[in-house]
Amino acid sequence: MFLILKINSHRTATVYKTLDPLWGEEFILHMPSGFQILSFYIYDADKVSGDDIIGVASVTRDYMYENKNPKGLETWLPLQKANKDLEIQGEMLLEYGIRTSEATGQSYVFVTVMEGRDLAAKDKTGYSDPYVTVTCFDETKATSKQKKTRFPEWNETLEFLLPEDTCIADLSVIVTVWDKDNFSSDDFMGQIHLDSEDVTHGTIRNWHAVARRPTSDRWARRASRVDRGKIRVKLQLLEEIVLPSSCYRPLNELLAEAVKSQDLGHLIWDMIEQDRTIELGAIAMALVRFYLSQELIFEFLDAVIVRDIAKTEDVNTLFRGNTLGTKAVDNFMKVLAMPYLQKVLKPTVDRIINEKKTVELDPCKVNSVRGRRHSLHRESEESFVNHSLEALEDYTCEIINSIVGSITYCPQVLRRVLKNIQVRVREKWPEEMFEDVPYIAVSSFIFLRFFAPAVMSPKLFSVSDQHPNLKVIRTFTLLAKIVQSIGNLIPGSLGKEVWMEPLLPLISQKITEVKDYLDLLVDVGEFSAAHRYLVRQQSNETVLIQGHLYKCHYHCKRLFRPIVLKKCYFYLTRVMLCYRKTPEDEDTMVMVENICAVEKLDYGALGKSNMGQIIHKTSDESTAIIYFQAKDVNELTAWISAIRKTCKYNVCRVETFHPGVFKGDKWNCCRREQDIAPGCSPTYHGVVLGDWQDPLDPDVDAQIIYSQIAHSKDKIRKMQHDLRMSLAGNDPSKCTNHRDVNDAAMASLSLVSGLLDVTEQLAMSHQTFVESSPRLSHSLRSRSVSSSVSGDDSLY
């Protein structure tokens, strides 16, 4: 069983042999502007006969908006029967209006069906045979049929006589797109409804999105009779209006000052932490990415870590809670060290998943696990525990040995940050009095918040691309407990899990090795101006995505030769896309700055699924296309999204492309006969999936930070008022102490007023921007009543 999220079409991994699947997968989807519905499709995976759809659940944009809360919307959605008439896509270019004949004086309603693009594929070939019917005044007329295309062209005009006694206000025109079928009824492909406000005297030319047919009450009642189960989801909608970069300059300067001024920093961090509209991890990620873009990440992490240390009284609780500081370091590790994590853990994780051993040490669960094992000679409880113990010790040794031997692979930037954390902890708790505190300070992040969670949920950390079965999940759970115990650096500390005592000798031995690893990990030079270069260098050299794809050797003139797909190793950095056939071959490189677009290829283009195309400039300024095939829709989406992120600001981007190929003497998508004909479909440069390693976009991150500060605008005003009243009530001439109090109050007032000025300035910029955009202005007005966030000018 697997789940597909429609709109951006992303698929979870398959969970096998269960009616109660647990995915636990998290996706950040970049939704297209104006989306209305997010749908979840549940399928039963079947490699032989094809995947069977179980049901679909949908949630509207308005529902997510009205039920927003900082922790996200968590709910059960009932599954409904899927309706093929709801699977609509594409647009139609129409000309329409009312005109009067000079010869007869009679008026006509005319509709010119010009062309369509990106229509649904209804045939097995990946194309359709579309035609259009237009209904007006109870009369229906049809266009001709276009064969095997999703980008048809008609340029046919259909006219309807306007009766003299007809009320224009009641005018209704229905444009319906059909797929012609010779052996069954024609397939519905979508509708467009025009009324008297659309059809007026004169000529109007517009692209219209084809809409689904209204669902009948009868169909809904019939579909609701069958219980198809429910799906539990957690959703969080974040909508932001991102302004031009110049508008954020005052906020950028304020946030830069916040990492240097402790008072200003504490003011901002406290407000964000205590009064926010999104999860703490999300705002911490925005701050990390913002300060990375400003090359102030070391200063920011130092400021929030010092703040956490100052608030901690008991050394045993150091970095144990979820604070802005701990979440910031968490996300920093994910941004810059995910390739390191995957290199260290992936071999062992793959081995555990492939071996599928059943292990258990808890005596309360041993018998139930043994009972599920099919064997003529049932293993004794003691023998089973001993085999489990051997397997866990073997896996633990492999994991820890891989970690302690990975010093050279650990990013220098991360090592410098961890060293700084250790230095700051030593300032409050000297090593002479608290011997293990410097180790615990580093281990709290690298082990307890990085390695242990990745062992627990390898799919969530991209260490594995599949879900393990239930018995392997238990293996990972036990290994995570062991790694956590080692990371705690306290031998014999097992809590209530006394059944793990047989592992204590191994845990004690590995603690010693881990301490040596931690010493080497922080054995780096002091901070200098060069650390900014390290961040930039690591950012450019980091491999964003890598793996094997099938490169297509396609030649447009070779009509009767089979399409050859050759397996190549591809990898992408922020600077170049490289591929090679064998490890011995030299890399073929395409500079990221020369990529014009990356899009999917129609199934009907070459008769193969999960294909994409990379349009790029060559050295002689001509245009070339690399066709490639991924193993599934997930991999295809991941590659397209990753490449789009790197070339987001390229000047050579193109606005249209061909979703087909030039075959013989024409493009098989739009039937145009010139190989240099402009594309028939608009390119979509927006990314699909969010990821920890997305290219930095300081304007987006600044906007998210501003939204959280603006949410506390009333609180900032109250602080300003209280400080002014306090100053007005103090007489500095009475005593020296009052003068000190006044100086402190004046300093606080200056900080609060500066923060409020920047917030109000950005609020005015947003108001001006919204008022200049009719669509945004209308959207803001329509949601002003239902909005659950007061005083937030950036949400619409």
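Refer to the structure above for everything that follows.
Note that this is a predicted model, so its numbers are computed, not measured.

J.: Could you clarify how one ought to interpret a positive patch on the surface in this entry?
T.: Taken together, the side chains of Lys145, Lys147, Lys148 and Arg671 make up a positively charged region of the molecular surface. Classification of Arg671 by relative accessible area gives partly exposed; the value is 35%.

J.: How do you make sense of unusual backbone geometry when you look at a structure like this?
T.: The backbone of Lys356 sits at a positive phi, close to 55°, despite the residue not being glycine. Of note, Lys356 is situated in the loop between helix H7 (324–355) and helix H8 (363–371). Relative accessible area serves as the criterion here: at 47%, Lys356 is assigned to the partly exposed category. Look at Leu489: it is not a glycine, yet its phi comes out positive at around 60°. Checked against the element boundaries, Leu489 lands in the loop between helix H12 (470–488) and helix H13 (504–521). The exposure class of Leu489 is buried, given its relative accessible area of 2%.

J.: Would you take a moment to explain the sheet that holds strand S13 (residues 187–195) for this structure?
T.: Whether parallel or antiparallel, the strands of a sheet pair through hydrogen bonds between backbone atoms. Taken in spatial order, the 4 strands of this open sheet run S10-S9-S12-S13, and their pairing is antiparallel. Edge positions in the open sheet fall to strand S10 (139–142) and S13, since each of these has one partner strand only. Neighbouring strand axes in the sheet, compared pairwise and without regard to direction, differ in orientation by 20° on average. Bridging between strand S9 (residues 130–136) and strand S12 (residues 172–179) involves 7 bridges; their strand directions are antiparallel. Among the inter-strand pairings, Cys136 is bridged to a residue of S12, identified as Val173.

J.: How should the environment of Ala286 be read in this particular structure?
T.: Summarising the element assignment, Ala286 is placed in helix H5 (residues 280–293). Among the residues examined, Ala286 registers a relative accessible area of 3% and is labelled buried. Each C-alpha atom of the pair Ala286 and Val700 lies 8.3 Å from the other, and the pair is 414 residues apart in sequence. Sequence-distant contacts of Ala286, that is, excluding residues within four places in its chain, are made with Asp701, Ile704 and Ile705.

Thresholds, definitions, all that
Residues numbered from 1 in each chain as written. Predicted model: local features only at pLDDT ≥ 70, side-chain atom pairs only at ≥ 80, totals over all residues. Heavy atoms only, no water. Patch = residues over 30% accessible without salt bridge, like charges linked within 9 Å, V, L, I, M, F, W, Y side chains within 5 Å. Areas by Shrake-Rupley, 256 points an atom, 1.4 Å probe, with all protein chains shown as cover. Salt bridge = Lys/Arg side-chain N within 4 Å of Asp/Glu carboxyl O. Lys, Arg positive; Asp, Glu negative; His and termini not counted. Charge placed at Lys NZ, Arg CZ, Asp CG, Glu CD. Buried < 20%, exposed > 50% of the residue type's maximum accessible area, 1.4 Å probe, protein only. Helix = DSSP H or I, 4+ residues; strand = E, 2+ residues; numbered from the N terminus. Pairing = 2+ DSSP bridges. Axes fitted to C-alpha atoms, helices over the stretch in contact; angles between N-to-C directions. Contact = heavy atoms within 4.5 Å.

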